[in-house]
Amino acid sequence: FNKALAKYKDLPAVTLDGFHVTLHTNTGLLADVSPGLRNGAEGIGLYRSEIPFMVHDSFPTEEEQYHVYKEVIDAYSPRPVSMRTLDIGGDKQLPYFEFKEENPYLGWRGIRFTLDNTALQVTQIRAMLRAAHGRENLQILIPMVSRIEEIKAIKELIKQSLAELNKEGKQVTKPKLGIMIEVPSAMLLLDKIAPYIDFVSIGSNDLTQYLLAVDRNNPKVSRLFNNLHPAVLVALQMIRSKCSELNLSVSLCGEMAADPASVLLLIAMGFDRLSLSAHKIPKIKWLIRQVNRADLLKILVKANAAEDEAEIHKILQKKLKELG
Ligand code: PEP
Ligand code: MG
């Protein structure tokens, strides 16, 4: 089956009625670089920079980060690479730094942690910018944004770092800046946030967790965690239409992008940029090439009328079965 899917690598992800989807890959390991390209990724939609931090035994230096990032940026150039700044805390722990918190998912995570550790954040930004020297494909993505000040603060650090590098004789193109939409407040503030950023990327894993107040890793409640919960679908459609209105590029990089049932709805909603694990790309591309978006729009109407995720799941499974 995988061999049969491999031939999709160079074919576009386009529905039978002409809706084009750009497929990017999620990565963080150097070992993933070539599988992404081999599977036809048109760029990196999410580079999880915490991964190189996790496989280290202390905070990596600017030089160490620079070499890792450069390898990724060079391998994908001129395809875009969205490098997310360090997203630790919550379920993402470092072996050499202990977070002790009562409620880690509502705590010191992602941008909150790095803005409180400016030197660490500047080191990372410098490493990313240096790695992009001579290239045009770096984009910087901020995790766990919940307030506008966080975006302003990161922009200031990027600006300072660019000026510093300029003084050091390294002219670097200013990268596009994006935020993860994974905390509900960021979604609700899109009007105010839009002037500060170039793109957004939906983290459907955390967005679902925070919309439903369900820790997916807690076995007592994990059955309540579902990307197809009606409230999640309302939120996704709200984000999609807001981004169209604001002319803001939006992609989705959570696990939903690799789930065939969810992808049927995402296409109907108008999401035309998805980012997923490299090895899932051929299957999702195959799926996209089998469907008519016009049919999926009818399915979306039914899903929107459904009361719960079980009913939505049934509707989508029926369609997947038809498709084979
Ligand atoms: C997400 O939250 O959906 C996401 C893509 O980020 P991560 O899984 O790395 O938290
Ligand atoms: Mg997340």
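Keep in mind the model is a prediction, meaning the values are calculated, not measured.

**Looking at the overall build of the chain**
Piece 1. Secondary structure assignment for the chain yields 15 helices and nine strands.
Piece 2. On C-alpha atoms alone, the chain measures out to a radius of gyration of 20 Å, which is about the 20 Å that the 2.2 N^0.38 rule sets for 324 residues.
Piece 3. In terms of its C-alpha atoms, the chain occupies a principal-axis envelope of roughly 60 × 45 × 40 Å.
Piece 4. Within the span of the chain, comprising 324 residues, buried residues form 41% of the whole.
Piece 5. Put simply, of all contacts in the chain between residues at least 6 apart along the chain, 70% involve residues at least 24 apart.

**Quick word on the confidence of the model for the chain**
Piece 1. Considering every residue of the chain, the mean pLDDT works out to 96; 98% of them sit at 70 or more.
Piece 2. Prediction confidence for the complex, expressed as pTM and ipTM, is 0.96 and 0.99 respectively.

**Examining helix H13 (residues 281-290)**
Piece 1. Along H13, the residues classified as buried are Ile-281, Pro-282, Ile-284, Lys-285 and Ile-288. End-on, the buried residues of H13 take up no more than an arc of 165 degrees, which puts them together on one face.

**Some words on unusual backbone geometry**
Piece 1. Looking along the chain, the bond that leaves Ser-77 and enters Pro-78 is cis, with omega of 5 degrees.
Piece 2. Within the chain, Met-144 stands out as a residue other than glycine whose phi angle is a positive 60 degrees.
Piece 3. Along the chain, Met-144 turns up in the loop between strand E5 (138-142) and helix H7 (148-167).
Piece 4. Classification of Met-144 as buried rests on a count of 25 C-beta atoms within 10 Å.
Piece 5. Residue Asn-247 is not a glycine yet carries a positive backbone phi of 60 degrees.

**Comments concerning the site of ligand 1**
Piece 1. In the vicinity of ligand 1, the contacting residues are Leu-46, Arg-48, Asp-87, Glu-182, Gly-203, Ser-204, Asn-205, Asp-206, Cys-253 and Gly-254.
Piece 2. Secondary structure elements with two or more residues in the shell around ligand 1: strand E3 (44-48) and helix H10 (204-212).
Piece 3. Residue composition of the shell around ligand 1, grouped by class: two nonpolar, four polar and four charged.

**Topic: the nonpolar core**
Piece 1. Ranked by internal contacts, the top residues of the largest apolar core, which has 77 residues, are Tyr-69, Met-128, Val-145, Ile-179, Ile-181, Leu-266 and Ile-267.
Piece 2. Counting residues per element, this core draws most heavily on helix H12 (residues 260-269), at seven residues.
Piece 3. Setting aside chain neighbours within four positions, we find Ile-267 in contact with Thr-15, Phe-19, Val-21, Ile-288, Val-291, Arg-293 and Leu-296.

Thresholds applied
Residues numbered from 1 in each chain as written. Chains lettered and ligands numbered in written order. Predicted model: local features only at pLDDT ≥ 70, side-chain atom pairs only at ≥ 80, totals over all residues. Helix = DSSP H or I, 4+ residues; strand = E, 2+ residues; numbered from the N terminus. Rg over C-alpha atoms; globule rule 2.2 N^0.38 Å. Buried ≥ 20, exposed ≤ 12 C-beta atoms within 10 Å, placed from the backbone. Contact = placed C-beta atoms within 7 Å. pLDDT = per-residue confidence, 0-100. Arc of directions from axis to C-beta. Near = placed C-beta within 6 Å. Nonpolar A, V, L, I, M, F, W, Y, C, P; charged D, E, K, R; others polar. Core = buried A, V, L, I, M, F, W, Y, C linked by C-beta atoms within 7 Å.

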